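Now for the letters of each chain:
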Amino acid sequence: MTRPAEAVIDLQALRANARLARARHGGRQLGVLKANAYGHGAVRCAQALGDECDGFAVAFLDEAVALRRAGVSAPLLVLEGVFDGKELDLAVEHRLWVVVHQPEQLRMIEGSKLPAGALVAWLKIDTGMHRAGFSPQQVHEAHARLLASGKVAEVVLMSHFARADEPAADATLEQLRVFDAATEGLAGARSLCNSAGILGWPAGHRDWARPGILLYGADPMPAADNGLQAVMTLRSQVFATRWLAAGEALGYGGAFVADRPTRVGIVAMGYADGYPRAASTGTPVAVQGQMTRLLGRVSMDMLTVDLTQMPDAGIGSSVELWGQQVSVNEVARCAGTISYELLCNVKRVPLRYV
Ligand SMILES: *Cc1c(COP(=O)(O)O)cnc(C)c1O
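What you see is a predicted model; the values in this text were computed from it and never measured.

With that settled, consider the nonpolar core. In this structure, L33, W122, Y275 and W322 are the most contacted members of the largest nonpolar core, which totals 113 residues. In terms of residues, this core owes the most to one element, helix 1 (residues 11-25), which gives six residues. When residues are assigned to domains, this core turns out to be shared by domain 1 (11-216) and domain 2 (232-353), each giving three or more. If near-sequence neighbours (up to four positions away) are discounted, W322 is found in contact with M232, T233, L234, G274, Y275, P276, S327, V328, V331, L342, L343 and V346. Core analysis: the second largest hydrophobic core is formed by seven residues, L244, L250, V264 and L295 among them.

Given below as structure tokens:
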């Protein structure tokens, strides 16, 4: 028998989440497939999403070229833009859309030998994230230079929210105000919303949405109930069991010490598969559909769970680490991180599509 650890990817759920995003935001949307579709497999997700999205976004050029090589013909936006002139040529060759977020990239386009109208540029404006993007004061000039270069057929105006997952933060409204002021009078479609913007900030809805995490069914606002469906189920099986006597310590560092006789299930899943080592005793896990808890420290290839109240569970029992029953948001919280990091860290386990 092969090792039972796997990540099951529910492509119907993925499509349902994309439909939900479209219903909430309206207009057109780019499904965000960066980091191998947040660990879900970019090519398969692109194929499954099909016409539920009007195009896709990835972080960098190689991710986009890999999708093109796999036969994905939909519009593809490269969120970090190009790093040099060679990438710019490749972007045109593969009909990619590029984000332009700094003067360096503007000069690259102006100095290139690209044919007229070869590019669709998404002009990124820093409205408060203070990471990448042109300042509001630079926007009109950057927009004019892109069009004057002759290389650009269309400019889309975009920005990115820093705190849209905080329903009470004024920061998002301030970003909206800055965006509208900076882009006033400029021609071009607009795009502001990531998942949290789509779900939580109708005032930010414009021509294009850019849903990422919500496609994969993890709500960026864990307290909300937006009806998303988990796409990935990270699962495995119990492959051994044992009893700990009261006072016995379990695993590395003796991080869990039994305070009463405790039945332990040993599960084929570890941090080398992407399960977070920072998760500790008490992190939820489901065994044969019943909720229980992680015990002790996560090892590279295995972890241990509490079966004391589950006499029927044993070797071969199914274990869900996260998915439809165990919320990836909850596991992330227990590990001191966010769902994004857990999902895109999944590795080594085979991805199985249903
Ligand atoms: C990653 C990313 C998104 C998607 O963000 P989610 O929070 O996953 O929805 C949207 N826009 C940009 C620019 C991004 O980098």
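This part is about the packing of aromatic side chains. Evaluation of the coordinates by the stated rule reveals six aromatic pairs. On the numbers, 6.1 Å between centres and 25° between planes, the contact of W97 with W122 is stacked. With W97 in strand 5 (residues 96-100) and W122 in strand 6 (residues 119-124), this residue pair connects regions lying 25 residues apart in the sequence. Of the two residues, W97 and W122, neither departs from the other in class, the shared state being buried. Seen from their ring centres, Y275 and W322 are 6.0 Å apart, and the 15° between their planes marks the pair as stacked. Within this pair, whereas Y275 is found in the loop between strand 13 (262-267) and strand 14 (284-287), its partner W322 is found in strand 17 (residues 318-322), the two being separated by 47 residues in sequence. Across the pair, exposure class does not vary: Y275 and W322 are buried alike. Put simply, the rings of Y38, Y216 and Y340 touch in pairs and so form one group of aromatic residues. One residue, R44, lies across the ring of Y353, its end atom 4.3 Å from the ring centre.

All of the buried residues along helix 7 (residues 139-148) are V139, A142, H143 and L146. One face of helix 7 carries all of its buried residues, which in axial projection span an arc of 100°. Looking at the buried residues of helix 7, the elements they touch are strand 5, helix 6 (103-110), strand 6, strand 7 (152-158) and helix 8 (171-183). Following helix 7 by one or two positions, G150 has its phi on the positive side, about 80°.

Inspection of the secondary structure assignment puts N329 in helix 10 (residues 328-334). The class for N329 is buried, based on a relative accessible area of 17%. Each residue touching N329, except ones within four places of it in the same chain, is listed here: A218, D219, P222 and S339.

A few words now on the pattern of salt bridges. In the structure shown here, the tally under the stated rule is 17 salt bridges. A salt bridge links E52 to R19, with the nearest nitrogen and oxygen atoms 2.9 Å apart. Taken together, the residues E52 in the loop between helix 3 (42-49) and strand 3 (55-58) and R19 in helix 1 connect sequence positions 33 residues apart. Exposure remark for R19: the relative accessible area of 41% places this residue in the partly exposed category. Here R163 and E166 are joined by a salt bridge, their closest N and O atoms 2.8 Å apart. Here R163 falls in the partly exposed class, since its relative accessible area comes to 38%. Residue class for E166 comes out partly exposed when judged on its relative accessible area of 31%. A single salt-bridge network, built from bridges that share partners, covers R3, D273, D301 and R348.

Turning to the environment of T127, a few remarks are in order. Topologically, T127 is positioned in the loop between strand 6 and helix 7. Judged by its relative accessible area of 8%, T127 falls in the buried class. Along the primary structure T127 and F60 are separated by 67 residues, whereas in three dimensions their C-alpha atoms are 22 Å apart. With near-sequence residues (within four places) excluded, T127 lies in contact with S159, H160, Q175, V178 and F179. Polar contacts involving the side chain of T127 include one to the side chain of Q175, which spans 2.9 Å.

What counts and what doesn't
Residues numbered from 1 in each chain as written. Predicted model: local features only at pLDDT ≥ 70, side-chain atom pairs only at ≥ 80, totals over all residues. Heavy atoms only, no water. Core = buried A, V, L, I, M, F, W, Y, C linked by side-chain atoms within 4.5 Å. Buried < 20%, exposed > 50% of the residue type's maximum accessible area, 1.4 Å probe, protein only. Helix = DSSP H or I, 4+ residues; strand = E, 2+ residues; numbered from the N terminus. Domains from an automatic or database assignment. Contact = heavy atoms within 4.5 Å. Phe/Tyr/Trp six-rings, centres within 6.5 Å; stacked < 30°, edge-to-face > 60°. Lys NZ or Arg CZ within 6 Å of the ring centre and 35° of its normal. Arc of directions from axis to C-beta. Salt bridge = Lys/Arg side-chain N within 4 Å of Asp/Glu carboxyl O. Polar contact = N/O pair within 3.5 Å; in protein donor to acceptor, adjacent residues only side chain to side chain.

Don't take any of this as a statement about function, it's just geometry.
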